[in-house]
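Chains, contacts and geometry: an overview
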Amino acid sequence: MQDMLKGALSHLEDAARHTSVHPEVLEKLRYPKELLTTRLMIRMDDGSRRSFLAWRCRYDDTRGPTKGGIRYHPEANAEEVVTLAFWMTFKCAVTGLPFGGGKGAIQVDPHQLSKGELERLSRAYVHAFASLIGPDRDIPAPDVYTNAMIMGWMADEYSSLVGHPCPAVITGKPIPLGGSLGREDATARGGFYVLNHLEEELGLKNGSRRAVIQGYGNAGSYMAHFLHEAGWQIVGISDSRGAIYNPEGLDPAAALQAKRKTGSVTGLADSHGVNTISQEELLALECELLVPSALEDQIHAGNADKIRAKVVLELANGPVTAEADRILQQRGIPVLPDILANAGGVTVSYFEWVQNRQGYYWTLEEVHSRLKAIMEKEGRRVWSIAQTKQIPLRTAAYVHALSRLSEAIEAHGTQTYFAG
Ligand code: GLU
């Protein structure tokens, strides 16, 4: 995991070589501002008490309150939380949101808990981190294996702690509790808008359009749906239990139904023309677009030379390791980087926070058109930085974010303790 943070920081150093930033700016951005670790004790349904490790990291808040999801995963750890919070810092800067970066996690397999246990654990998290979070301080949201229901419990717990409704403390809430329309599919929608906008530049406009989706949670399944609607052929889909392939194209809705019914997209395997393949075979499928949508480190030094996609779009956070990134670059495969491509989620989270604070709610059309405008503007900016400086899209995204961060850090003044 040390490698994960090291890899993330290497992108910062790469970007620093292509833009002029004060060394103190880099000194500030190399380390998290704050990381809190705790153990949450909850009552299980059988009457016993169990403890779970939990973290919240506020990486950098120069540009605004820290923002980022909470992940429930059996392998969650401090290093991963810090890295994810680092990425959030740059993601919010790429999209120009008035937020810094944060992230949280509980080391748990949520599928092993009852609904009651899950609710007690989620409330315990808010209780433990109540002094750290807040609508002007640190604003959590969903991430891997957390959802609107969990955000609703957390908003409720925080509101009862402070003694009044406080919806702006958390985003990704259920609509009746102040959630925003359009938050549910925002991560995939944002990625889809960027892809469409840069389609011609990426050489995807003409010819066949085959896509492979790795990971079929919220982001992956919505992306498959948007691509399918736009005429793409989804030739491969995987989830944590297996992968399916059909050269004639898979039906994303049927795959989702199979996953809901059997627990995996491989439940579709017996139907006509659908074969199961291994995870490694899925990543090596010939296609125009590969969309890693699950966890970190999926494309690494050991398999990057097998990728046969024309373009990779990172809907997950950190799915391509720094080593693999260099291999793909040498092989001429452009990567639409996570801090741009999956920023749709946090962008609509920002809209939710704004709506909560103004107490006035937008239509779905307003959410979509504002999201589209941001994704296209920042996507275009990253593309032109890459062209002008002749650097990869990821480095260009970091250059873009770094210049915004650096302006903010310098504007805070140089003698302050607050901004460092
Ligand atoms: N967990 C999402 C991400 O990694 C969303 C964060 C948010 O909405 O604050 O971007």
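Nothing here was measured: the structure is a model prediction, and the numbers come from that model.

Regarding the pairing of strand S7 (residues 210–214)
The buried fraction of S7 is high, at five of five residues. Side chains of S7 alternate between two faces, with Arg210, Val212 and Gln214 and Ala211 and Ile213 buried alike. Two strands pair when backbone bridges link them, and S7 and strand S8 (residues 233–239) are joined in this way by five bridges, in the parallel orientation. Across the sheet, the residue bridging to Gln214 is Ser238, located in S8. You can see the chain leave S7, run along helix H7 (residues 218–229) and come back into S8, and the turn it takes is right-handed. As judged from the four bridges shared by S7 and strand S11 (residues 286–292), these two strands associate in the parallel manner. By the bridge assignment for S11, Ala211 is matched with Leu289.

Observations concerning the site of the ligand
Lys67, Lys91, Pro142, Asp143 and Ser349 are the nearest of the 14 residues found near the ligand. The separation between an oxygen atom of the ligand and a polar side-chain atom of Arg183 is 3.1 Å. In isolation the ligand offers 290 Å² of accessible surface; the protein chains occlude 95% of this area. Of all the elements in the fold, those that place two or more residues in the shell around the ligand are helix H3 (78–94) and helix H12 (344–358). With three residues, the single largest contributor to the shell around the ligand is H12. Along the lines of polarity and charge, the residues of the shell around the ligand split into four nonpolar, five polar and five charged.

Thoughts on helix H6 (residues 186–197)
Taking 1.5 Å per residue, 12 residues should reach 16 Å; H6 reaches 16 Å between its end C-alpha atoms and fits that length. Every buried residue of H6 is listed here: Ala186, Thr187, Ala188, Arg189, Gly190, Gly191, Phe192, Tyr193, Val194 and Leu195.

Considerations on the packing of H6 against H12
Between H6 and H12, the least distance of the axes is 6 Å, while the angle of their chain directions is 120 degrees. The hand of the H6/H12 crossing is right-handed. Of the residues in H12, those in contact with Ala186, Thr187 and Gly190 of H6 are Gly344, Gly345 and Val348. When its residues are assigned to classes, the contact of H6 with H12 shows two nonpolar, four polar and no charged.

A closer look at the sheet that holds S8
With mixed pairing, the seven strands of this open sheet are ordered in space as S10-S9-S8-S7-S11-S12-S13. Only two strands of the sheet have a single partner each, and these edge strands are strand S10 (275–277) and strand S13 (335–336). Two elements, S11 and strand S12 (residues 308–313), share four bridges in a ladder whose sense is parallel. The residue bridging Cys287 from the neighbouring strand is Ala309, located in S12.

A word on the packing of aromatic side chains
The final tally for this structure, using the stated rule, is 12 aromatic pairs. Ring plane angle 50 degrees and centroid distance 4.6 Å describe the contact between Tyr125 and Phe129, whose orientation is recorded as tilted. For the pair Tyr125 and Phe129, one class covers both residues: buried. When the centroid spacing of 5.2 Å and the interplanar angle of 50 degrees are considered together, the rings of Phe351 and Trp362 count as tilted. Within this pair, whereas Phe351 is found in helix H12, its partner Trp362 is found in the loop between H12 and helix H13 (364–389), the two being separated by 11 residues in sequence. With respect to burial, Phe351 and Trp362 carry one shared label: buried. Taken together, the ring pairs connect Phe99, Tyr350, Phe351, Trp353 and Trp362 into an aromatic cluster. Positioned over the ring face of Trp362 is Arg370, at 4.0 Å from the centre of the ring.

What about helix H14 (residues 393–411)?
Along an α-helix, residues three or four apart share an orientation, since each turn contains 3.6 residues. Over its 19 residues, H14 extends 27 Å from the first C-alpha to the last, a length consistent with the 27 Å expected when each residue adds 1.5 Å. The element H14 is largely enclosed, with a buried count of 14 among its 19 residues. Of the residues flanking the end of H14, it is Gly413, one or two places downstream, whose phi is positive at about 100 degrees.

Let's talk about the pattern of salt bridges
Applying the stated criterion across every chain yields a total of 33 salt bridges. A salt bridge links Arg210 to Glu288, with the shortest nitrogen-to-oxygen separation between them at 2.8 Å. Of this pair, Arg210 sits in strand S7 while Glu288 sits in strand S11, placing them 78 residues apart in sequence. With respect to burial, Arg210 and Glu288 carry one shared label: buried. Asp239 is paired through a salt bridge with Lys259; the nearest N and O atoms lie 3.7 Å apart. Separated by 20 residues along the polypeptide, Asp239 in strand S8 and Lys259 in helix H8 (residues 252–262) bring together distant segments of the chain. A residue is classified by how much of its surface remains accessible, and Asp239, at 4% relative accessible area, is buried. Here the salt bridges do not stand alone but share partners, grouping Lys33, Glu34, Arg58, Asp61 and Arg137 into one network.

Some points on the environment of Glu314
Structurally, the position occupied by Glu314 is in the loop between S12 and helix H10 (322–330). Distance in space between the C-alpha atoms of Glu314 and Ala255 is 21 Å, their sequence separation being 59 residues. Excluding its chain neighbours within four sequence positions, the residues that come into contact with Glu314 are Pro292, Pro319, Val320, Val335, Leu336, Pro337, Asp338, Ala341, Asn342 and Arg394. In this structure the side chain of Glu314 is engaged in a polar contact, spanning 2.7 Å, whose partner is the backbone nitrogen of Asp338.

Let's talk about the side chain of Lys91
With respect to the secondary-structure elements, Lys91 resides in helix H3. Buried within the structure, Lys91 lacks any salt-bridge partner; its nearest side chain of opposite charge belongs to Asp143, at an N-O separation of 6.4 Å. Side-chain polar atoms of Lys91 contact the side chain of Asn342, separated by 2.8 Å. Leaving out residues up to four positions away in the same chain, Lys91 has contacts with Asn317, Asp338, Ile339, Asn342, Ala343 and Val346.

The rules behind each value
- Residues numbered from 1 in each chain as written.
- Predicted model: local features only at pLDDT ≥ 70, side-chain atom pairs only at ≥ 80, totals over all residues.
- Heavy atoms only, no water.
- Buried < 20%, exposed > 50% of the residue type's maximum accessible area, 1.4 Å probe, protein only.
- Helix = DSSP H or I, 4+ residues; strand = E, 2+ residues; numbered from the N terminus.
- Pairing = 2+ DSSP bridges.
- Right-handed = clockwise from strand over helix to strand, strands pointing away.
- Near = heavy atom within 4 Å.
- Polar contact = N/O pair within 3.5 Å; in protein donor to acceptor, adjacent residues only side chain to side chain.
- Areas by Shrake-Rupley, 256 points an atom, 1.4 Å probe, with all protein chains shown as cover.
- Nonpolar A, V, L, I, M, F, W, Y, C, P; charged D, E, K, R; others polar.
- Expected span 1.5 Å × (residues − 1).
- Axes fitted to C-alpha atoms, helices over the stretch in contact; angles between N-to-C directions.
- Left-handed = near helix turned anticlockwise from the far one by under 90°.
- Contact = heavy atoms within 4.5 Å.
- Phe/Tyr/Trp six-rings, centres within 6.5 Å; stacked < 30°, edge-to-face > 60°.
- Lys NZ or Arg CZ within 6 Å of the ring centre and 35° of its normal.
- Salt bridge = Lys/Arg side-chain N within 4 Å of Asp/Glu carboxyl O.
- Lys, Arg positive; Asp, Glu negative; His and termini not counted.

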